[in-house]
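# Examination of the molecular architecture
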Amino acid sequence: GAQADEMSTLLRIFNANFPNLGQLSLDGKIVGDASCPGLTDIQLAVSKASDFNLAVKGSIGDMLTGKDTSLKVSGSCTGKDLLKMLLPEDLPEIQSLKGEVRIRDGDGVYVVEGLSLKGSNEQGTTIQAEGTMGLNRCMGQVPDLRELDLHFQLSSPTTTSSTAHSPACGIPPRASGC
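Bear in mind the structure is a predicted one, so any value in this text is a computation, not a measurement.

Here we come to the overall build of the chain. Within the chain one finds 3 helices and 8 strands. Along the chain direction, N to C, the helices and strands of the chain fall in the order α-β-β-β-β-α-β-β-β-β-α. Within the chain, the proportion of its 178 residues that are buried is 28%. Total accessible area on the chain stands at roughly 11,600 Å², and carbon and sulfur atoms take up 53% of it.

Right under this line is the structure:
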């Protein structure tokens, strides 16, 4: 497999700036011609000990446009820095995230369906998201959400902030009763 710094370099080609993600293994079959190259029998795996694991299987009918894409993606992450990049800042600290999704070509968009994400931390907080969304198919750009249908659930054993100060009033919780 490729070395970790090679993986980061590869992701920069797609305007993605990620930390060291670990070992890369990619197997596939290039089909078609220069005007419409495709990739079939994709078996991609990225892993870094137990911190990060990603698996992608499927095919891309036209690698230039993304047309006829059909991928199944699954993964897990416990790496603190990567989780901070992946999750919104407003969420409580999540220490473990697992998920899976299917990505297919739609009418000018990628259809992300069967999305299932589950996250948790040691304090017993859990997050879950399930559903579908559409993303633009422009290579090298940050994806635009086209359609969104997600069910989101957050569960916490307490309403106390996990930080030293309550964000609502800026005073330590024990002193103010916040």
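Still more to cover.
Consecutive side chains along a regular strand alternate between the two faces of the sheet. Relative to strand 5 (residues 96-105), strand 4 (residues 69-77) is paired through 8 bridges, and the arrangement is antiparallel. Each bridged residue has a counterpart across the sheet, and for C77 the counterpart in strand 5 is L97. As defined by bridge partners, strand 5 adjoins strand 6 (residues 109-120) across 9 bridges and the pair is classed as antiparallel. Across the sheet, the residue bridging to R104 is V111, located in strand 6. Counting the residues in the hairpin turn of strand 5 and strand 6 gives 3 residues, including G108, whose phi is positive at 80 degrees.

The subject of this paragraph is the sheet that holds strand 3 (residues 52-60). Across the sheet, 8 strands lie side by side as 1-2-3-4-5-6-7-8; this open sheet has antiparallel pairing. Looking at which strands have only one partner, the edges of the open sheet turn out to be strand 1 (23-33) and strand 8 (145-155). For this sheet the average axis-to-axis angle between neighbouring strands, irrespective of direction, equals 5 degrees. Across 8 bridges, strand 2 (residues 36-48) lies against strand 3 in antiparallel orientation. Following the sheet pairing, V46 is matched in strand 3 by L54.

Right, let's get into the nonpolar core. If you look at the biggest cluster of nonpolar residues, it comprises 12 residues: L21, L24, V46, F52, C77, L82, L83, L87, L91, I94, L97 and I127. In this structure F52 touches L21, V46, S47, S76, C77 and L82, once residues within four positions along its chain are discounted.

Attention shifts here to a nonpolar patch on the surface. Taken together, the side chains of L145, L148 and L150 present a nonpolar region at the surface, about 280 Å² in accessible area. Tracing the backbone shows L150 in strand 8. Looking at L150, the relative accessible area reads 37%, which means it is partly exposed.

Note on placement: E113 falls in strand 6. There is a polar contact of 3.1 Å between the side chain of E113 and the side chain of R104. Contact partners of E113, with chain neighbours within four places excluded, come to V101, R102, R104, G131 and T132.

Attention now goes to the environment of C36. Mapped onto the fold, C36 is located in strand 2. For the pair C36 and T65, spaced 29 residues apart in sequence, the C-alpha separation works out to 8.5 Å. Residues within four places of C36 in sequence aside, it is in contact with V31, G61 and D62.

It is worth spelling out unusual backbone geometry at this point. Despite not being glycine, D41 shows a phi value in the positive range, around 55 degrees. Residue position: D41 is located in strand 2. The exposure class of D41 is exposed, given its relative accessible area of 53%.

Calculation notes
- Residues numbered from 1 in each chain as written.
- Predicted model: local features only at pLDDT ≥ 70, side-chain atom pairs only at ≥ 80, totals over all residues.
- Heavy atoms only, no water.
- Helix = DSSP H or I, 4+ residues; strand = E, 2+ residues; numbered from the N terminus.
- Buried < 20%, exposed > 50% of the residue type's maximum accessible area, 1.4 Å probe, protein only.
- Areas by Shrake-Rupley, 256 points an atom, 1.4 Å probe, with all protein chains shown as cover.
- Pairing = 2+ DSSP bridges.
- Axes fitted to C-alpha atoms, helices over the stretch in contact; angles between N-to-C directions.
- Core = buried A, V, L, I, M, F, W, Y, C linked by side-chain atoms within 4.5 Å.
- Contact = heavy atoms within 4.5 Å.
- Patch = residues over 30% accessible without salt bridge, like charges linked within 9 Å, V, L, I, M, F, W, Y side chains within 5 Å.
- Salt bridge = Lys/Arg side-chain N within 4 Å of Asp/Glu carboxyl O.
- Polar contact = N/O pair within 3.5 Å; in protein donor to acceptor, adjacent residues only side chain to side chain.

Bear in mind that shape data such as this cannot, by itself, settle questions of function.
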